[in-house]
Amino acid sequence: MTKLNKKDLALGIFCILLAAFIACLCMGMGTTEYEGDPGPAVFPMIGSIIIALCGNALLVHPTKGTKIFLTRTQWKAAGSLFAVYVLLVLMFWLVGFVITVPVILFIMIMMLSSVSDKNSTLKKRIIKSLIFAIVAGAAIYLIYAVALDATLPKGIVWNLLK
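So, here is what we can say about the structure in this document. (Residues numbered from 1 in each chain as written. Predicted model: local features only at pLDDT ≥ 70, side-chain atom pairs only at ≥ 80, totals over all residues. Heavy atoms only, no water.)

This part is about the packing of aromatic side chains. Under the defined criterion, the tally for this structure stands at one aromatic pair. Taken together, a centroid distance of 6.1 Å and an interplanar angle of 25° make the contact between Phe 92 and Phe 97 stacked. Under the relative-accessibility criterion, Phe 97 is labelled buried at 9%. (Phe/Tyr/Trp six-rings, centres within 6.5 Å; stacked < 30°, edge-to-face > 60°. Buried < 20%, exposed > 50% of the residue type's maximum accessible area, 1.4 Å probe, protein only.)

As a further point, take unusual backbone geometry. Positive phi, normally seen in glycine, also occurs at Asp 149, with a value near 55°. Relative to the elements of secondary structure, Asp 149 occurs in the loop between α5 (122-147) and α6 (156-161). (Helix = DSSP H or I, 4+ residues; strand = E, 2+ residues; numbered from the N terminus.)

Two numbers describe how helix α3 (residues 72-95) lies on helix α4 (residues 97-116): the axes approach to 8 Å, and their chain directions differ by 165°. Judged by the angle between their axes, α3 and α4 are roughly antiparallel. Read as a crossing pair, α3 and α4 show a hand that is right-handed. Contact residues: Ser 80, Leu 81, Val 84, Tyr 85, Leu 87, Leu 88, Met 91, Phe 92 and Val 95 in α3; Phe 97, Ile 99, Thr 100, Val 101, Val 103, Ile 104, Ile 107, Met 108 and Met 111 in α4. (Axes fitted to C-alpha atoms, helices over the stretch in contact; angles between N-to-C directions. Parallel < 35°, antiparallel > 145°, perpendicular 65-115°, else oblique. Left-handed = near helix turned anticlockwise from the far one by under 90°. Contact = heavy atoms within 4.5 Å.)

Keep in mind that these numbers describe shape and distance, not what the molecule does.
If you want it as structure tokens, here you go:
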């Protein structure tokens with residue numbers, strides 16, 4: 001077995017164990033009072049099944065040869081994406097859902113448009129990203145707050161201003 005195949009084997013086993021752990025946690029979740037409602041464990045259970053399938057795929061058909069996992073540029077892009085996720089959590093905690101969602105959508109769209117739409121000018125990308133972030137943020141808010149009547153995080157800043 002080559003080094004990479006050992007990594008595939010280890011990752012496949014890890015994925016299967018993680019899926020089993022998530023499935024066990026889902027079994028302990030309660031059910032709802034509504035007839036026909038699958039309950040809160042459905043989405044984590046679906047996720048654990050997908051993780052298990054990916055782990056099995058790694059065990060059954062591992063990659064061959066030596067291939068670089070990520071280049072330096074890809075590591076930088078992954079790091080900046082992780083930084084945006086950290087910013088997302090921090091902004092949810094500070095200012096809540098209403099401000100966070102459009103801001104994070106704008107940042108993510110700008111990051112992705114710099115890769116996918118290299119021929120556009122910066123001004124054009126900013127305008128497109130801003131319009132999409134506002135429209136998508138408003139749509140997400142309407143779906144969760146109005147249609148589903150969900151309680152969205154308000155942030156500590158708004159709680160301090162009351």
